[in-house]
Amino acid sequence: MRAVSLTFVWVWVASLQLEAQTFRYKPIKGFTEATNAKLEAFMESTVTMNIRKVAVFDCDGTLFGQCPYYLADEALYNYAKVNYEGKTDALSKEKMKIIDQLLHGDNVGVEYVQNRIRFLSGLTPEEIKNIGNDMFHAKYQHKMYPEMKALIENLKNFDFEVWIVSASPELLYQRFCKEQLGFWEDRILGVRSLVTAGNVVTDKLVFPVPQDEGKAEVINTFIKTAPSLQQAIAAVIWK
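Residues numbered from 1 in each chain as written. Predicted model: local features only at pLDDT ≥ 70, side-chain atom pairs only at ≥ 80, totals over all residues. Heavy atoms only, no water.

Draft legend 1. Focus on the confidence of the model for the chain. Of all residues in the chain, 87% have pLDDT values of 70 or greater, and the mean over the chain is 88. Between the elements of the chain, mean pLDDT differs from a low of 43, seen in helix 10 (residues 231-234), to a high of 98, seen in strand 4 (residues 193-195). This model gives residues 10-20 a pLDDT under 50, and the stretch forms 0 contacts once residues within four places in sequence are excluded. Scored below 50 in pLDDT, residues 231-239 makes 16 contacts in the model with residues more than four places away or belonging to other chains. (pLDDT = per-residue confidence, 0-100. Helix = DSSP H or I, 4+ residues; strand = E, 2+ residues; numbered from the N terminus. Contact = heavy atoms within 4.5 Å.)

Draft legend 2. Just unusual backbone geometry, in detail. Along the chain, Cys67 connects to Pro68 via a cis peptide bond; the corresponding omega equals 0°. Positionally, Pro68 belongs in the loop between strand 1 (54-57) and helix 3 (71-83). In this structure, Pro208 follows Phe207 across a cis peptide bond, with omega equal to 0°. Tracing the backbone through its elements, the reader meets Pro208 in the loop between strand 5 (201-205) and helix 9 (214-223). The phi torsion at Asp159 lies on the positive side, around 65°, for a residue other than glycine.

Draft legend 3. Examining helix 4 (residues 90-104) more closely. Relative to the 21 Å expected for 15 residues at 1.5 Å per residue, helix 4 spans 21 Å between its end C-alpha atoms, a close match to the ideal helical length. Buried residues of helix 4: Ser92, Lys95, Ile98, Ile99 and Leu102, and no others. Taken down its axis, helix 4 places every buried residue within 125° of arc, on the same side. Across helix 4 from its buried face, at more than 90 degrees, point the exposed residues Ala90, Lys93, Lys97 and His104. Summarising the contacts, the buried residues of helix 4 are in contact with helix 3 and helix 5 (110-120). (Expected span 1.5 Å × (residues − 1). Buried < 20%, exposed > 50% of the residue type's maximum accessible area, 1.4 Å probe, protein only. Arc of directions from axis to C-beta.)

Draft legend 4. Expanded view of the packing of aromatic side chains. By the definition in use, this model includes 11 aromatic pairs. Considering the side-chain rings of Phe136 and Phe176, the 4.6 Å spacing of their centres and the 5° angle between planes classify their relative orientation as stacked. Of this pair, Phe136 sits in helix 6 (residues 125-140) while Phe176 sits in helix 8 (residues 170-181), and the two are 40 residues apart along the sequence. For the pair shown, Phe136 and Phe176 are each scored as buried. Their ring planes at 50° and their centres at 5.2 Å tell us that Tyr173 and Phe176 sit as a pair that is tilted. Placement of both Tyr173 and Phe176 in helix 8 is noted, with a separation of 3 residues, approximately one turn of the helix. Assigned by exposure class, Tyr173 and Phe176 land together as buried. Put simply, the rings of Phe64, Phe136, Tyr140, Tyr173 and Phe176 pair up and form one aromatic cluster. In this structure, Lys143 is placed above the aromatic ring of Tyr140, and the distance from its NZ or CZ to the ring centre is 4.5 Å. (Phe/Tyr/Trp six-rings, centres within 6.5 Å; stacked < 30°, edge-to-face > 60°. Lys NZ or Arg CZ within 6 Å of the ring centre and 35° of its normal.)

See the structure below:
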């Protein structure tokens, strides 16, 4: 009986390995036949590549809609309204001052992403993941582009490593992106800060910061290879 069981397991594992080596493009509903044909041809051309195959996407506006607000900002505003607005203690005043700067200051550059991290500092990574996840399910899950989810599934079927590089706080996006896209959390790269030995998020940025030209630096530093498929190429499918 033991020998039979072991034989069954070996055959089952072997069949899984054989299946994993079968690459098949699944046409994406919502894309034109021409676009699907180009994507299929591209992916088929990578089957014999003996290198790491990497695809990198932005998040807001690429994988899901960002109008009228970025998820990151709306999540922070909502958290501030519930926990700090109208209170007179020092912490609440400090956090609301940061919210005011986010609302009325420049929304590009390192200072803007630094203010987001300053607001989240003092929380645990788990709390921040929950804030992002709650906002996604409250207001953004219907904004996820099904075409992009299907594109990512096709890339994974062709053994691509798929990564997200975002200028939003990394912890804020990791939980719902993992849930929606089947990612490993460490492939969701965003603005990050130091976490103490006591598991508290600080306001000390970890460089490089994925804002503007910093996104290329993040790819070179953490992914460590040039993408085979970048967001700029993927964006062509919308034309």
